[in-house]
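Chains, contacts and geometry: an overview
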Amino acid sequence: DVYEELVYFDQLLGVLEVGITNRLNMEGVLAVPRRPERYTALYAVYRERQEDVVQQLRALGVPGRVQPVHEPIVRAAERQIAFYGEYTRAKVQDPTTDLRRMLAHPDLREQNQLLLQAWTRVGQLYVGLDTPTHEAIYYHLCGFDTI
C-alpha cells in the first residue's frame, strides 16, 4: 500500500538523519590530531550511536515492495561501522592516515555499493517519483554514504 511506503520513507529519512550526524561527527574526529586513545574512545561513542541507528533501521515497518531498498541500507550501515573501526585503528597506528588513504578499503567500497543499490531500486520502483521526494531520498542516501 502506497501510504505504508510513504510512512516507511518518512521514518527512514529520520533515522538516516541521525546516522548522517553520527557519520559526520566521526569523520570530524578522525580529521583532527588527537592522542591515539582519544580516537579509540570517540570511535566507541560513534559505534554505540551508529549501532542504535542500525537497530532503529531494523525496527522500521518495511512494506514488502520496499524490502529490496531497505536491506542494502541496513547492510551499508553495518559496513560503515566496520569501516570507521578500521579507519580508527589505522589512525592510531599512523596519525597521518586520512580518508583519502582509506578510499580503497573494502568496507567503504561495499557501503558505497550498497547505498547505490538501494538508490537504484528506488528508481526502479518509483519511476514517476515527484522531485521533492526524489531529492529527499537521494540526498539522505548520499549524506549517509562516506564517499
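Residues numbered from 1 in each chain as written. Predicted model: local features only at pLDDT ≥ 70, side-chain atom pairs only at ≥ 80, totals over all residues. Heavy atoms only, no water.

Tallied over the entire structure, the rule returns 10 salt bridges. Residues Glu78 and Arg58 are paired through a salt bridge, measuring 2.0 Å at the closest nitrogen-oxygen approach. Remark: Arg58 occurs in helix H2 (residues 36-59) and Glu78 occurs in helix H3 (residues 67-93); sequence separation between them is 20 residues. Here Glu78 falls in the partly exposed class, since its relative accessible area comes to 27%. Glu86 serves as the salt-bridge partner of Arg89, at 2.9 Å between the closest nitrogen and oxygen. Of this pair, Arg89 and Glu86 both sit in helix H3, 3 residues apart, which is roughly one turn of the helix. Within the structure, one salt-bridge network assembled from shared partners comprises Arg79, Asp107 and Glu110. (Salt bridge = Lys/Arg side-chain N within 4 Å of Asp/Glu carboxyl O. Helix = DSSP H or I, 4+ residues; strand = E, 2+ residues; numbered from the N terminus. Buried < 20%, exposed > 50% of the residue type's maximum accessible area, 1.4 Å probe, protein only.)

This part takes up the confidence of the model for the protein chain. Close inspection of predicted coordinates is inappropriate for parts of the model with low pLDDT. With 100% of its residues at a pLDDT of 70 or more, the protein chain shows a mean pLDDT of 96. The weakest mean pLDDT in the protein chain belongs to helix H4 (residues 99-102) at 94; the strongest belongs to H3 at 98. (pLDDT = per-residue confidence, 0-100.)

Relative to the elements of secondary structure, His105 occurs in the loop between H4 and helix H5 (106-125). You can call His105 buried: its relative accessible area is 17%. Here Asp107 takes part through its backbone nitrogen, which lies 3.0 Å from a polar atom of the side chain of His105. (Polar contact = N/O pair within 3.5 Å; in protein donor to acceptor, adjacent residues only side chain to side chain.)

Turning our eyes to something else, we now look at the environment of Ile20. Among the structural elements, Ile20 can be located in helix H1 (residues 2-31). Spatially, the C-alpha atoms of Ile20 and Ala118 are 16 Å apart, while their sequence positions differ by 98 residues.

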